[in-house]
Amino acid sequence: MVVLGGIAFAQYNSSNYKANEVFFGAGGDTNQSSANYKASASAGALGVGQTSSANYQAYSGFLTPNEPFLEMVIDTPTVDLGTLDTSITKTGTASFHVRAYIDSGYTVQTMSQPPSYTSGSQSHTLTAMSTLGSPAVGTEQFGINLVANTSPAGFGSDPSPQPNGTFANGLAAAGYNTPNQFKYVPGDTIVQTPAGSSGWGLTNYTISYIADTSAFTPAGSYKMIHDLVVVATF
Amino acid sequence: MKKRTGIRSKFYRLYLVAVAAVLIAAGAMPVFLSGHAAAYGQILNRSLNISSGVPGNTNVTYTFTFTLHDYTADTPPGSMSAVQSLKFVACTTAVGAYPGGTCTAPTGMDFTSGPAAFGSQTGWQGATNFAVDAVGVAGKCVPAANVLCAKRTDVTAQTATSRTISFTTVKNPTTANSAFYIGIYTFSDAGYATNVDFGATASAVVQTLTTNAAVAEVLQFCVGSTTVNDVDSSNPANLIANDCSGVSGTSVDIGTLDTSAINISPVSTNGGDNKNGVAMVRSNAGNGVVVAYDAIQQSGTNHLGTLRISGSSCDPGNTLTDSCINAAGAQTVFTPGTESFGMTVAGINSNGTTSYACQYGDTAQSLAAGNTCHMEPASGYVGQTTTGLDDFGTGNGFAWVENGTATNIASSAASTVKQVDDEALILKFAATPSITTPFGRYAAQTDFIAVPTY
């Protein structure tokens, strides 16, 4: 019986061999691909998935991560809310995804200040919705959430684990997970994996933006480089 | 027993040799792996928080949070050691950051260009802070674009508790939508020699997500007349109009002039229409809006822009016998019977302002002097007292530029917030004749201009 202490890599290697995603038995393929798709698959495995208690968590089955992995990609590089109007709330969406194989979950934080403009020596930043609330027409404000909304329009989507919730577990964070309610605080966590669970698999996220303007919001072109930071804990 | 001969026998011997080799390798494996595992403890609950995920951003702060391996919980229990030096190695893969891994540095990432500097630390045992080591130790930790060395002299034994350490002015990798991994190595000595713990963290820089919006330029500017002669915004009766759609009137009549008095609008006697002039402005110009006037040049000869009988011939200089009432020029206090014509901004009426509350001073109405509105009368057109002590009235006298030159009478450019919501300038006109001023119907015509700067 071999008992390993300290670091134990799920990937096996020595100076003479290396094996990634070791698979024993029939029904598994860690790299299925064609011109149009690529996938890892297993079949006939019992107890595939994650299990945990207060003191441990583990993955079983044929699909397990071979090393810490993290990926975050912005899928929509630009979102344009158009010309803001004192009589209607303007909306827009942008999407990104996080793919992770890690131990203790991940979060995504929004780091940017709201959209701003500068003209000469003057600049102005749209007022951020510091508390969760509904859009108010005629009041200058900027907010986001990460769920499907029906008001002020049908827009946005709930986080979408791929292909379903069995394989990924990203969620919209508190404050950003209430339909038709918006908020924006720079530095806030907008995405998280469930407490006590792992960040696992691929989840697609849609950011829903809203903006309103008042009668004396300074005219100009407003821009925000939306700085999103993923923080993974291993 | 069955005897194997020839080729079958050779294959069987090879098979036995192979089996023996596998068994030998399997027997040796625990030695190799346990030796490797014993060299480092696993850092737990480790994460890397970067202050910006924008590719290539400089001045980024990298904050590492982690818990050291708990040797006291090992079997048999060990002891915790000091941590006096740290090595951070950034790679494109997690395995590359592992001890002995082949590391490819993330493109563009740079610990040295800033160069990275110690930011802060929390949760460490021992009072001495780490500092970035720009020299390092050859063969142990050599600073590079993807390698950061830090050290301190503090032999305090650590505990298996969470701690943080941050470094500022790091340059992010430049490849958009790419993850990078940073291995954290702890050493009990200050020379990167005795490695205690290791763990890899990850972060990512992502393609820039740009959110755009536009706010259209707004200007509503109107001029008219009003019977309102006050700026007390708490009195609803002082509402001139909610916005420009409610402003009307094209003239102000200050009645028949008399040498014994100064006719100051509103004049309700001797033919006066009891009205002031008003100029209301709404603008979302971020750099403010300026209101100016210019005297329309009427027909006749000389002094075409002052209060005059249209078409008449006036003297070149300021005489008291022609059909042109002498323009005040710069602001001056009139004397009854000394021919003069002028205008001033008596105050700012904000009863139509809804986006914010403001008040122009009116000490006669027990309103403190000063002006919290965004528009401010220009120097020379402040009706009473001075800027900052604004008071509704005309105590400073009147001014009038008769040659048609555009002259500023108010602006929001000096206000902290320069946008204006339906603030109304109350314009007071005044005139007095001399005893030789010819009788007749006198008029002055004025253009008003608003110039917003967006």
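A. Local environment of the overall build of chain B. A tally of regular secondary structure across chain B gives two helices and 24 strands. Computed over the C-alpha atoms, the radius of gyration of chain B is 42 Å, more than 25% above the 22 Å expected from 2.2 N^0.38 for a compact globule of 454 residues. Principal-axis analysis of the C-alpha atoms places the extent of chain B at approximately 150 × 55 × 40 Å. Taking all 454 residues of chain B together, 46% fall into the buried category. Taking as baseline every contact in chain B between residues at least 6 positions apart, the subset at least 24 positions apart corresponds to 71%.

B. Region of interest: the overall build of chain A. On a plain count of helices and strands, chain A comes out with zero helices and 19 strands. Expressed as a percentage of the 234 residues in chain A, the buried residues total 37%. Pairs at least 24 apart in sequence give 68% of the contacts found in chain A among residues at least 6 apart.

C. A look at the interface of chain A and chain B. Taken together, the contacts link 57 residues of chain A with 54 residues of chain B. Only strand 7 (69-74), strand 8 (78-84), strand 9 (90-101), strand 12 (122-125), strand 17 (200-212), strand 18 (220-226) and strand 19 (228-232) of chain A provide two or more residues apiece to the side of chain A that touches chain B. Looking at side-chain class alone, the side of chain A that touches chain B contains 32 nonpolar, 19 polar and six charged residues. Relative to strand 11 (residues 209-215) of chain B, strand 8 of chain A is paired through five bridges, and the arrangement is parallel. Bridging across to strand 11 of chain B, V79 of chain A finds its partner in T211 of chain B.

D. Quick look at the nonpolar core. V230 of chain A together with I182, V278 and L425 of chain B are the most contacted members of the largest nonpolar core, which totals 155 residues. For this core, the element with the highest residue contribution is strand 23 (residues 420-432) of chain B, accounting for eight residues.

E. Layout of the environment of G317 of chain B. All names here are of chain B. The topology assignment puts G317 in the loop between strand 15 (289-295) and strand 16 (329-332). Taking the C-beta count within 10 Å as the criterion, G317 has 9 such neighbours and is therefore assigned exposed. As for G317 and Q220, which are separated by 97 residues in sequence, their C-alpha atoms are 39 Å apart.

F. Structural detail: the confidence of the model for chain B. All names here are of chain B. Of the residues in chain B, 91% reach a pLDDT of 70 or more, and the chain-wide mean stands at 92. Low pLDDT, under 50, characterises residues 1-8; the stretch is placed with two contacts to residues that sit more than four places away or in other chains. Every residue in residues 18-38 scores below 50 in pLDDT, and together they form 12 contacts with partners more than four places removed in sequence or on other chains. Interface confidence in the predicted complex, given as ipTM, is 0.75; pTM for the same model is 0.76.

G. Seen up close, the sheet that holds strand 24 (residues 446-452) of chain B. Across the sheet, four strands lie side by side as 20-22-15-24 (chain B); this open sheet has antiparallel pairing. The outermost strands of the open sheet, each flanked by one partner alone, are strand 20 (376-377) and strand 24 of chain B.

H. Just the domain arrangement of chain B, in detail. Structurally, chain B comprises domain 1 (40-205) and domain 2 (219-452). The gap between the C-alpha centroids of domain 1 of chain B and domain 2 of chain B is 70 Å.

I. Focus on the sheet that holds strand 19 of chain A. One open sheet accounts for four strands, arranged 15-16-10-19 (chain A); its pairing is antiparallel. Whereas interior strands pair on both sides, the edge strands pair on one side only; in this sheet they are strand 15 (171-172) and strand 19 of chain A.

J. Up close: the pairing of strand 17 (residues 340-349) of chain B. All names here are of chain B. Counting buried positions over the 10 residues of strand 17 gives 10, a clear majority of the element. In terms of strand pairing, strand 17 meets strand 23 through nine bridges, oriented antiparallel. Bridging from a neighbouring strand, S340 pairs with T432 of strand 23.

K. Quick look at unusual backbone geometry. In this structure, P152 of chain A follows S151 of chain A across a cis peptide bond, with omega equal to 10 degrees. A cis amide bond, omega 0 degrees, links S265 of chain B with the succeeding residue P266 of chain B. Within the secondary structure, P266 of chain B sits in the loop between strand 13 (263-264) and strand 14 (276-283). Here N59 of chain B, not a glycine, exhibits a phi torsion of approximately 60 degrees, which is positive. One can find N59 of chain B in the loop between strand 2 (44-50) and strand 3 (60-67). The exposure class assigned to N59 of chain B is exposed, which follows from the 12 C-beta atoms found within 10 Å. The phi angle at S366 of chain B is positive, at roughly 65 degrees, despite the residue not being glycine. Mapped onto the fold, S366 of chain B is located in the loop between strand 18 (360-362) and strand 19 (367-371).

Cut-off values and rules
- Residues numbered from 1 in each chain as written.
- Chains lettered and ligands numbered in written order.
- Predicted model: local features only at pLDDT ≥ 70, side-chain atom pairs only at ≥ 80, totals over all residues.
- Helix = DSSP H or I, 4+ residues; strand = E, 2+ residues; numbered from the N terminus.
- Rg over C-alpha atoms; globule rule 2.2 N^0.38 Å.
- Buried ≥ 20, exposed ≤ 12 C-beta atoms within 10 Å, placed from the backbone.
- Contact = placed C-beta atoms within 7 Å.
- Nonpolar A, V, L, I, M, F, W, Y, C, P; charged D, E, K, R; others polar.
- Pairing = 2+ DSSP bridges.
- Core = buried A, V, L, I, M, F, W, Y, C linked by C-beta atoms within 7 Å.
- pLDDT = per-residue confidence, 0-100.
- Domains from an automatic or database assignment.

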